[in-house]
Amino acid sequence: MDHAHALDANAPHAAHAAHIDTSTGLDSRKMAFWGFIGSECLLFGSLIATYMAYKGRSIGGPQPHEGGWTTRAGHVAEHGIFNIPLTTFSTFILLMSSVAMVLALNYTQRGDRRRSALWLFLTAFGGSIFLGCQVYEFTEFYLEGMTLASNLFSSSFFTLTGFHGAHVTVGVIYLLTLAALAWKGKIPPEKSLNVEIAGLYWHFVDVIWIIIFPLVYLIR
Amino acid sequence: MASTATVAAPHHTHAAAHAEPTGLWSWITTVDHKRIGIMYGVTAFIFFLVGGIEALLIRIQLAVPNNDFVSADLYNQLFTVHALTMIFAALMPLTAAFFNYIMPLQIGARDVAFPRLNALSYWVYLFGVIFFNVGMFMKLGPNSGWFAYAPITTREFSPGLNMDFYVLGLQILGFSSILASLNFIVTIINMRAPGMRLMRMPIFTWMTLITAILIVTAMAVFTIAVTELMFDRIFGSAFYDIRKGADPLLWQHLFWMFGHPEVYILIVPIMGMVSEVLPTFSRKPLFGYNVMVFSGVLIGWLGWGVWSHHMFAVGMGPIADSFFALSTMLIGIPTGIKVFNWLGTMWGGSIRFTTAMLFAIAFIAMFTIGGISGVMHAAAPSDLQQTDTYFVVAHLHYVFFGGTVLGLWSGIYYWYPKITGRLMSERMGKAHFWLTLIGMNLTFFPMHWLGMLGMPRRVFTYADNMGFNETNLLISFGAFIIAAGTLIFAVNLVWSWKRGKVAGPNPWGAATLEWAMSSPPPVYNFARIPVVHSRMPLWEGDPTRDAGIPHGRTEEETEQVTLLGTKVGEVHDPDDTNRMSAHDLGIHLPPPSYWPVVTAAAISAIFIGLIFRRVDGWAHNLWLMLFVGVAGLVISIYAWAFEPGHSH
């Protein structure tokens with residue numbers, strides 16, 4: 001490539017915003033989102049590490065898997081506080097919502113605005129069911145006498161799962177916004193990256209739950 | 001392939017000709033990385049002075065034994081806030097100023113990848129440090145040391161608001177750093193000019209990338225540590241409550257997992273700056289570029305595996321102690337490689353002893369002293385003797401002052417002409433340099449033997465008969481010499497802004513892209529994005545250099561430095577782009593936006609609300625600002641996402 005040709009070939013760059021074509025060919029927003037997810041991994045990693053470090057070290061108060069502690073009503077509990085069937089159900093719903101997310105992206109890329117909006121809505125709906133189960137679970141725990149301050153288990157459990165729940169909440173609002181936009185036809189196929197990034201976020205939140213569920217609920 | 005680089009033609013006239021908006025509002029709403037860089041730099045330098053005044057108050061208190069200049073409690077606040085101000089409000093943001101201003105120019109980018117996010121990072125940082133210093137002015141500053149060891153910092157043992165300012169303030173600042181760093185990572189990976197391959201990037205850009213990755217990972221861990229402490233203090237959770245069986249080591253591990261990478265966050269950018277200054281003033285390419293890059297990567301990587309060397313004294317057992325001792329010693333290897341490469345760069349060079357170069361050379365020497373005392377700490381048995389003594393204070397100041405600060409000053413003297421269009425006064429610069437170098441050695445070197453004699457850190461006074469008296473007086477004297485030097489520096493910064501010698505595009509005859517454009521650069525940076533063919537675009541095709549003729553020995557001679565075979569200052573610009581606005585050139589720049597500052601204000605309102613939640617009386621009602629903040633945040637996120645003129 002000679003000198004003058006380099007200039008000519010480069011001339012169009014001056015006419016556009018610099019981020020239209022990138023060094024890697026990957027959109028900058030997508031790359032930033034991957035970086036954000038990397039940072040989030042460390043956030044959740046620290047919370048999970050705290051939970052695991054304190055596992056089985058609580059003094060008194062509600063226990064996750066064992067009975068023998070006193071409830072708010074004054075009874076001695078026969079078993080741990082977890083309601084495994086309920087959480088298994090909500091876990092299943094959350095995982096299925098990831099399938100809906102994949103379909104939503106698929107229809108956005110094909111330019112089918114109605115199906116795109118529908119599956120975005122269903123993804124958010126799945127997330128809402130998960131959140132509903134979590135609200136129910138937290139309320140039950142509270143009624144049985146487990147608060148944030150009860151013991152090491154309650155503090156690390158509520159913070160970890162609450163932090164995850166906050167992420168799901170943000171995701172639901174995010175997806176509902178996108179569903180409304182898609183319904184209005186404002187997410188044409190060339191803008192499907194907006195849905196793809198939401199998908200990255202949603203799948204990430206799912207993957208974190210896949211780690212939390214066995215570590216917190218299943219392992220004794 | 002031609003070996004010459006295609007660079008935007010340099011301009012020697014001032015950029016004032018094109019209609020760039022001025023006024024306070026244009027600065028508040030700016031999304032230009034250069035303006036944000038200047039705002040970072042000015043704010044951070046002001047806080048450097050604040051942190052310096054805190055240090056002087058500490059030294060006045062310690063100048064004589066049994067002094068009562070400040071109370072024990074105020075002393076605790078002073079040394080804590082001195083550390084926090086220097087680390088989070090001064091040194092990190094000063095490096096961020098350079099990341100913002102210089103890095104996009106070095107890679108030939110129009111701006112950073114997310115200009116509004118960049119503005120948000122700055123405003124969150126500004127509100128965060130103001131928030132934090134309000135506590136200090138009310139004599140409610142954090143008072144537990146910057147490491148804030150829980151459980152000492154739980155509500156039970158620190159009932160006042162002091163530590164609330166810590167947990168909330170640092171969360172805000174951590175958020176700001178993570179956002180800024182994500183932006184820098186994407187910018188470096190994705191916004192490079194054509195031909196700027198990773199191994200052609202200037203070394204400062206490389207070190208920026210490593211630092212940003214460290215911030216994004218380490219700050220996340222710290223955020224959780226502080227969030228858990230915040231939950232303990234505000235909502236009464238049990239993370240650090242020892243009566244409920246909490247482990248006091250949890251905080252220490254989480255904190256130092258952040259705290260040690262933080263040390264590298266503060267030194268790696270400086271290594272990059274010095275690696276730009278030394279080749280320029282030695283008229284030689286950086287010795288061992290590849291090795292410099294990979295040793296930087298290695299330092300960042302190993303920096304994650306050494307945190308427990310801060311905890312030898314807590315009794316982790318021989319296996320953990322041995323592991324962390326070895327990994328710490330291992331870090332000495334890439335660091336030593338860098339030191340030898342800097343020396344190799346200067347070896348046989350045609351050295352010009354400008355102020356920037358003097359600071360860079362002093363950096364190598366002083367940082368090496370700090371590094372060597374660091375390796376002494378790495379040996380766990382030896383460390384047990386040094387823990388909590390002034391020996392550690394000496395070590396960390398040789399690293400932070402002798403390393404970070406000297407390197408930053410070198411970078412400021414080096415890049416100031418690019419930013420302002422004017423050179424800083426060399427006469428004042430030399431005075432600043434010698435006062436700083438002599439002052440810092442008078443201040444920090446005697447701390448080594450004070451520590452060996454057993455003087456403890458963080459104690460507000462000492463007895464008369466310990467043999468500490470003369471040395472402490474000497475140290476306090478040295479601190480004021482540093483202060484005098486810094487005062488000259490501040491005067492120089494202000495004076496040179498309007499009255500310094502006009503610099504031209506490339507006053508030092510440097511090799512990297514930022515020197516290819518006018519000083520200060522036009523708002524759109526490059527009229528035409530350059531195509532890069534080598535690591536040192538401006539030194540390619542330089543006939544005098546190819547002939548091995550040393551040149552550019554004095555400032556006057558630098559006018560003769562050639563660029564693309566033509567003398568700098570004589571390069572004719574066919575389009576006269578300097579007089580053209582971005583609009584005339586057809587360059588799309590993102591429009592100004594006030595949503596970053598609104599978003600930052602909303603985030604701050606949330607944290608102010610959380611502080612007042614713990615206040616009694618009427619002011620308790622102000623905790624409702626929490627909801628104002630949340631509502632404002634939601635509104636501004638939506639407004640941000642749908643703002644016209646920005647890509648979404």
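Remember, predicted model here, so these are calculated numbers, not experimental data.

Some points on the overall build of chain B
Here is step 1: The helix and strand inventory of chain B stands at 17 helices and two strands.
Here is step 2: Relative to the compact-globule value of 26 Å for 648 residues, chain B shows a C-alpha radius of gyration of 25 Å, a close match.
Here is step 3: Overall, the C-alpha framework of chain B stretches about 75 × 55 × 45 Å when taken along its three principal axes.

Here we look at the nonpolar core
Here is step 1: Membership of the largest hydrophobic core comes to 240 residues, with the highest contact counts inside it found for I185, V221, A225 and F359 of chain B.
Here is step 2: Ranked by the residues each element gives to this core, the list is headed by helix α6 (residues 203-235) of chain B, at 22 residues.

Quick notes on helix α4 (residues 115-137) of chain B
Residues and elements named next belong to chain B.
Here is step 1: A rise of 1.5 Å per residue sets the reference length of α4, with its 23 residues, at 33 Å; its end C-alpha atoms lie 33 Å apart and thus fit the reference within 8%.
Here is step 2: Across the 23 residues of α4, 17 count as buried, placing the element largely inside the fold.
Here is step 3: Positive phi shows up at K139, right after α4, with a value of about 55 degrees.

Quick look at the confidence of the model for chain B
Residue and element names in this part refer to chain B.
Here is step 1: For chain B, per-residue confidence averages 89 on the pLDDT scale, and residues scoring 70 or more make up 90% of the total.
Here is step 2: Under a pLDDT of 50 for its full length, residues 1-18 has, in the predicted model, 66 contacts with residues more than four places off or in other chains.
Here is step 3: Segment residues 546-577: pLDDT under 50, and 52 contacts once partners within four positions in sequence are set aside and those in other chains are kept.
Here is step 4: On the interface metric, ipTM, the complex scores 0.89, and its pTM is 0.90.

Comments concerning the packing of helix α2 (residues 33-62) of chain B against helix α14 (residues 469-499) of chain B
Residues and elements named next belong to chain B.
Here is step 1: In contact at an axis separation of 9 Å, α2 and α14 are set at 155 degrees when each is read in the N-to-C sense. By the angle between their directions, the pair α2 and α14 is classed as roughly antiparallel. Read as a crossing pair, α2 and α14 show a hand that is left-handed. Each of G52, A55, L56, R59, I60 and L62 in α2 lies in contact with α14, whose residues at this interface are N472, I475, S476, A479, A483 and T486.
Here is step 2: Considering only residue class, the contact of α2 with α14 consists of seven nonpolar, four polar and one charged.

Quick notes on helix α17 (residues 625-641) of chain B
Residues and elements named next belong to chain B.
Here is step 1: Between its first and last C-alpha atoms α17 spans 24 Å; for 17 residues at 1.5 Å apiece the expected length is 24 Å, and the two agree.
Here is step 2: Every buried residue of α17 is listed here: M625, G629 and S636. Looking straight down α17, one finds its buried side chains confined to an arc of 40 degrees; they lie on one side. Relative to its buried face, α17 has exposed residues pointing more than 90 degrees away, namely F627, A631 and V634.
Here is step 3: Residues of α17 that are buried sit in contact with α16 (595-612).

Some points on the packing of helix α3 (residues 84-110) of chain A against helix α4 (residues 113-143) of chain A
All names here are of chain A.
Here is step 1: For the pair α3 and α4, interaxial distance at closest approach is 8 Å and the crossing angle is 165 degrees. Regarding the angle of α3 to α4, the classification is roughly antiparallel. Like other packed secondary-structure pairs, α3 and α4 cross with a definite hand, here left-handed.
Here is step 2: Looking at the contact of α3 with α4 residue by residue, the classes come out as 16 nonpolar, nine polar and two charged.

A short note on the confidence of the model for chain A
Here is step 1: Counting all residues, the mean pLDDT for chain A is 90, and 91% of those residues have values of 70 or more.
Here is step 2: Throughout residues 1-19 of chain A the model reports pLDDT below 50, and contacts reaching past four residues in sequence, or to other chains, amount to 32 contacts.

Some remarks on the environment of A180 of chain A
Residue and element names in this part refer to chain A.
Here is step 1: For A180, the location among the structural elements is in helix α5 (residues 152-183).
Here is step 2: We classify A180 as partly exposed; it has 13 C-beta atoms within 10 Å.
Here is step 3: Each C-alpha atom, one on A180 and one on A117, is 6.9 Å from the other, the two residues being 63 residues apart in sequence.

Reading the values: rules and limits
Residues numbered from 1 in each chain as written. Chains lettered and ligands numbered in written order. Predicted model: local features only at pLDDT ≥ 70, side-chain atom pairs only at ≥ 80, totals over all residues. Helix = DSSP H or I, 4+ residues; strand = E, 2+ residues; numbered from the N terminus. Rg over C-alpha atoms; globule rule 2.2 N^0.38 Å. Core = buried A, V, L, I, M, F, W, Y, C linked by C-beta atoms within 7 Å. Buried ≥ 20, exposed ≤ 12 C-beta atoms within 10 Å, placed from the backbone. Expected span 1.5 Å × (residues − 1). pLDDT = per-residue confidence, 0-100. Contact = placed C-beta atoms within 7 Å. Axes fitted to C-alpha atoms, helices over the stretch in contact; angles between N-to-C directions. Parallel < 35°, antiparallel > 145°, perpendicular 65-115°, else oblique. Left-handed = near helix turned anticlockwise from the far one by under 90°. Nonpolar A, V, L, I, M, F, W, Y, C, P; charged D, E, K, R; others polar. Arc of directions from axis to C-beta.

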